[in-house]
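# Fold and geometry: a report
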Amino acid sequence: MIFTTVLFYVLAIVLVVAAFRVITASSPVTAVLHLILAFANAAMIWMLLGAEFLGLLLVLVYVGAVMVLFLFVVMMLDVKMEELRAGIKTYLPLGMLVGLIMVAEMSFVLATSWGQVGPAADMGDDYNNTRALGESMYTEYAFAVEVGAVLLLVGMIAAISLTLRKRRDVKYNDPGAAVRVRAADRVRLVNLPSQEAVNAKAADANSGEQK
């Protein structure tokens, strides 16, 4: 019991530090890497609480897929931090207000439920956590699952549209125009006189002017 308690606090401290670095890191890539660390610690905390399926799902879906997608998108977008910091003073008061409201809400929930937490319920050896979670998701919370799927789809489309924006420093090739090109449009034959003929013509012109 003491080992699991110490491990819980260690994981919780690392999780809080990683989450703080997500919003304070100067580089977007560093922020995404700290977010991956935060998800990994949250998955281990869920494993300690007995939610093995949720912990593995967090590692496989978010750390293994979504965060890798975020990392590639951030690297492809080439985000310029100078432009992002340009209006930070304008939105800082509103951001601090929203942050304080969220901290107050979480503190209220923890304060009201801290003394009401009892021992874990004995579900029996034949209890299947994955099956119970699936039945709840696709029966009682089916609408919430569909809304989450739509939000993920919108996020994927938004990421693709951001990477396909027009850039002036990139050259694009039109395969159709390359196939339709003709030799007469690309090659021009020019009849250039030899150097001796040019010199002779220049000499005749000089002699004519002297006369």
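See the structure shown above.
Attention here is on the structure that accompanies the text. Treat the numbers as computed from the prediction; the structure is a model and nothing was measured. (Residues numbered from 1 in each chain as written. Predicted model: local features only at pLDDT ≥ 70, side-chain atom pairs only at ≥ 80, totals over all residues. Heavy atoms only, no water.)

### Comments concerning the overall build of the protein chain
- What the protein chain contains, in helices and strands, is 10 helices and 0 strands.
- Written out in order from the N terminus, the α and β elements of the protein chain read α-α-α-α-α-α-α-α-α-α.
- Among the 211 residues that make up the protein chain, the fraction classed as buried is 10%.
- Once local pairs closer than 6 in sequence are excluded, the contacts in the protein chain between residues at least 24 apart make up 62%.
- Element-wise, carbon and sulfur atoms account for 68% of the exposed surface of the protein chain, whose accessible area totals about 17900 Å². (Helix = DSSP H or I, 4+ residues; strand = E, 2+ residues; numbered from the N terminus. Buried < 20%, exposed > 50% of the residue type's maximum accessible area, 1.4 Å probe, protein only. Contact = heavy atoms within 4.5 Å. Areas by Shrake-Rupley, 256 points an atom, 1.4 Å probe, with all protein chains shown as cover.)

### Notes on the packing of aromatic side chains
- Under the defined criterion, the tally for this structure stands at 2 aromatic pairs.
- Here the aromatic rings of Phe 8 and Tyr 9 are separated by 5.6 Å at their centres, their planes lie at 75 degrees, and the arrangement is edge-to-face.
- Geometrically, the ring pair formed by Phe 39 and Tyr 62 is tilted, given 5.4 Å between the ring centres and 50 degrees between the ring planes. You can see Phe 39 sitting in helix α2 (residues 28–48) and its partner Tyr 62 sitting in helix α3 (residues 52–77), a full 23 residues away along the chain.
- Residue class for Tyr 62 comes out partly exposed when judged on its relative accessible area of 37%. (Phe/Tyr/Trp six-rings, centres within 6.5 Å; stacked < 30°, edge-to-face > 60°.)

### Side note on a nonpolar patch on the surface
- There is a patch of nonpolar side chains on the surface, built from Leu 94, Leu 97, Val 98, Ile 101, Met 102, Val 103 and Met 106 and spanning about 660 Å² of accessible area.
- Residue placement: Met 106 occurs in helix α5 (residues 88–113). (Patch = residues over 30% accessible without salt bridge, like charges linked within 9 Å, V, L, I, M, F, W, Y side chains within 5 Å. Salt bridge = Lys/Arg side-chain N within 4 Å of Asp/Glu carboxyl O.)

### Section: the environment of Met 137
- Within the element layout of this structure, Met 137 appears in helix α6 (residues 129–140).
- Those residues in contact with Met 137 that sit more than four places away from it in its chain are Ala 142 and Val 145.

### Examining the nonpolar core
- Listed in full, the 6 residues of the largest apolar core are Val 32, Ile 36, Val 63, Met 67, Leu 71 and Val 74.
- Secondary-structure elements contributing two or more residues to this core are α2 and α3.
- By residue number, the principal contributor to this core is α3, which donates 4 residues.
- The contacts of Met 67, once residues within four sequence positions are left out, are Val 32, Leu 35, Ile 36, Phe 39 and Tyr 62. (Core = buried A, V, L, I, M, F, W, Y, C linked by side-chain atoms within 4.5 Å.)

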